[in-house]
Amino acid sequence: MTMNSIISFGSLVVILILICYCQQLDAQLQEGFYQSSCPLAELIIKDEVRRAFFSDSGIAAGLIRMHFHDCFVRGCDGSVLIDSTPSNKAEKEAIANNPSLRGFQVIDNAKTRLENLCPGVISCADILAFAARDSVEISGGLGYDVPAGRRDGRISLDTEASANLPSSRANVNLLIQAFAKKGLTREEMVTLSGAHTIGRSHCASFSHRLYNFSTSGQDPTLDQIYASQLMQQCPQGNTNPSLVVPMDPPSPTVFDTSYYSGLLANRGLLQSDQTLLTDAATAIEVIGNARNAFLWKQKFAAAMVNMGSIGVLTGNAGEIRVNCRVINN
């Protein structure tokens, strides 16, 4: 190999390294991402969340859940916000999302205001991430900085939602595996499950625990008094899809550790909640979270940041949707 060839080869290596480095920089989310391009962005989103919350406090749980359901399908790319078309059934139509997801109007309202102020700048995926953070904070959790720079995906399929979102009937091993596939730890799974301290659930998500769980009819891990209360709220055979109960009856709108205390009293509403006590390691984490509310809130904030980085589109990938419900032409 000649000297010129060696120099050319060396230059090529340097160029490739620089390209890879630049791609890594593009893939990184940044705190304060819109500080220069649209400095009022986060304030506007928070204002919309607050307006919605004061009209319906349950909207906070809806927005947190929507962010989770977005990130677990194709990454945090806002694909859960896309409406179905005659030729495509979108994520929001999947059984796991319809009719339980709510809060879409909050995102729409924030997007409209942001497009008027800073057209083509703020992604729908970032709006959802900020709105989830604001929902945690307004409910009593800890605020946290949200690294931003996500771009919006152009694909939304109901089948992918069904394949990626953990079932309300999942056991602890399935939950650990589902979160591990997204790069989240067992501890983060238990921590994020604590979001069920606020919000509500449709009867269809847990009624099998009351009436046809096994030959005995009822889930033996469910507290009998609590089960009786749930049977009154969700009568057997009732097919009303709008029938709901609070996830955490003692404090359904407050971001606290009552959810974990409920698990320890066999009052976890969903099978996927109560199953956290069936594994020694996750049970220890449940006990620790129940005993130390501030530590759990700190861990929750950190886990939300980690979850918010799953499979993000950055740089020139994806797009900045003008309307969060529709991909750009």
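Everything quoted here is computed from the prediction, not taken from an experiment.

Q: Give a detailed account of the overall build of the protein, specifying residues and quantitative values.
A: Scanning the protein from N- to C-terminus turns up 14 helices and two strands. Relative to the 2.2 N^0.38 estimate, which gives 20 Å for 329 residues, the radius of gyration of the protein is 22 Å and therefore close to what a compact globule would have. On the principal axes, the C-alpha backbone points of the protein span a range of 80 × 50 × 45 Å. Counting every position in the protein, which comprises 329 residues, the buried fraction comes to 47%.

Q: Go over unusual backbone geometry, please, and point to the residues and values.
A: In this model, Asn98 is joined to Pro99 through a cis peptide bond whose omega is 10°. Within the fold, Pro99 resides in the loop between helix H3 (59-71) and helix H4 (104-117). Of note, Arg74 is a non-glycine position whose phi angle comes to about 65°, a positive value. Tracing the chain through its elements places Arg74 in the loop between H3 and H4. Positive phi outside glycine occurs at Asn266, with the angle close to 60°. Note on placement: Asn266 falls in the loop between helix H11 (258-264) and helix H12 (271-274). Overall, Asn266 belongs to the partly exposed group, its relative accessible area being 34%.

Q: Describe in detail the environment of Gln30, supporting the description with residues and values.
A: Examined against the element boundaries, Gln30 turns out to sit in the loop between helix H1 (3-26) and helix H2 (41-55). For Gln30, a relative accessible area of 42% gives the class partly exposed. In this structure, the C-alpha to C-alpha distance between Gln30 and Asn212, residues 182 residues apart in sequence, is 49 Å. Ignoring anything within four residues of it in the chain, the contact list for Gln30 reads Val146, Pro147 and Ala148.

Q: Help me get a handle on the pattern of salt bridges, residues and values and all.
A: Overall, the coordinates contain 18 salt bridges when judged by the stated rule. Among the ionic pairs, Asp47 bridges to Arg51, the shortest N-O distance being 3.1 Å. Of this pair, Asp47 and Arg51 are both found in helix H2, four residues apart, which corresponds to roughly one turn of the helix. Overall, the relative accessible area of 26% leaves Asp47 in the partly exposed class. Residues participating in the shared-partner salt-bridge network are Asp47, Glu48, Arg51 and Arg113.

Q: Describe a nonpolar patch on the surface, naming the residues involved and giving the relevant values.
A: Where nonpolar side chains cluster on the molecular surface, the patch consists of Leu40, Leu43 and Leu117 and spans about 290 Å² of accessible area. Looking at the element boundaries, Leu117 is found in helix H4.

Q: Any details on the packing of H3 against helix H5 (residues 124-138)? Residues and values, ideally.
A: The relative placement of two packed helices is expressed as an angle between their axes plus a distance between the axes. Between H3 and H5, the shortest axis-to-axis distance is 8 Å and the interhelical angle comes to 140°. The angle between H3 and H5 places the two elements in the oblique class. Once H3 is placed against H5, the crossing between them reads as left-handed. Contacts from Ala60, Leu63, Ile64, Met66, His67 and Asp70 in H3 reach Leu128, Ala129, Ala131, Ala132, Ser135, Val136 and Ile138 in H5. Residues of the contact of H3 with H5, tallied by class, amount to 10 nonpolar, two polar and one charged.

Q: Please give an account of the layout of surface pockets that cites residues and values.
A: In this model, the second largest pocket occupies a volume close to 170 Å³. Lining of the second largest pocket is provided by Ala163, Asn164, Leu165, Pro166, Ser167, Ala170, Leu174, Gln177, Ala178, Lys181 and Lys182. Of all the secondary structure elements, the ones that give two or more residues to the lining of the second largest pocket are helix H6 (158-164) and helix H7 (172-181). Per element, the largest residue contribution to the lining of the second largest pocket is four residues, and it comes from H7. Residues that form the lining of the second largest pocket fall into these classes: six nonpolar, three polar and two charged.

Q: Which residues make up the environment of Glu91, and what values go with them?
A: One can find Glu91 in the loop between H3 and H4. The class of Glu91 is buried, set by a relative accessible area of 0%. Residues Glu91 and Ala161, 70 residues apart in the sequence, show an inter-C-alpha distance of 5.6 Å. Apart from the residues lying within four places of it in its own chain, the contact partners of Glu91 are His69, Val73, Ser79, Val80, Asn97, Ile155, Ser156, Leu157, Asp158 and Ala161. Among the polar contacts listed, one links the side chain of Glu91 to the side chain of Ser79, at a separation of 2.5 Å.

Q: So what's going on with the packing of helix H8 (residues 186-193) against helix H14 (residues 293-307)? Residues and values would help.
A: At a closest axis distance of 9 Å, the pairing of H8 and H14 adopts a crossing angle of 110°. When the axes of H8 and H14 are compared, the pair comes out roughly perpendicular. Where H8 approaches H14, its residues Glu187, Glu188, Thr191 and Leu192 are matched on the opposing element by Trp296, Lys299, Phe300, Ala303, Met304, Asn306 and Met307.

Cut-offs and rules
Residues numbered from 1 in each chain as written. Predicted model: local features only at pLDDT ≥ 70, side-chain atom pairs only at ≥ 80, totals over all residues. Heavy atoms only, no water. Helix = DSSP H or I, 4+ residues; strand = E, 2+ residues; numbered from the N terminus. Rg over C-alpha atoms; globule rule 2.2 N^0.38 Å. Buried < 20%, exposed > 50% of the residue type's maximum accessible area, 1.4 Å probe, protein only. Contact = heavy atoms within 4.5 Å. Salt bridge = Lys/Arg side-chain N within 4 Å of Asp/Glu carboxyl O. Patch = residues over 30% accessible without salt bridge, like charges linked within 9 Å, V, L, I, M, F, W, Y side chains within 5 Å. Areas by Shrake-Rupley, 256 points an atom, 1.4 Å probe, with all protein chains shown as cover. Axes fitted to C-alpha atoms, helices over the stretch in contact; angles between N-to-C directions. Parallel < 35°, antiparallel > 145°, perpendicular 65-115°, else oblique. Left-handed = near helix turned anticlockwise from the far one by under 90°. Nonpolar A, V, L, I, M, F, W, Y, C, P; charged D, E, K, R; others polar. 1 Å grid on protein atoms, 1.4 Å probe; cavity = no way out; pocket = protein on both sides within 12 Å on 5 of 7 lines; lining within 4 Å. Points joined across faces, edges and corners; volume = space filled by probe spheres on them. Polar contact = N/O pair within 3.5 Å; in protein donor to acceptor, adjacent residues only side chain to side chain.

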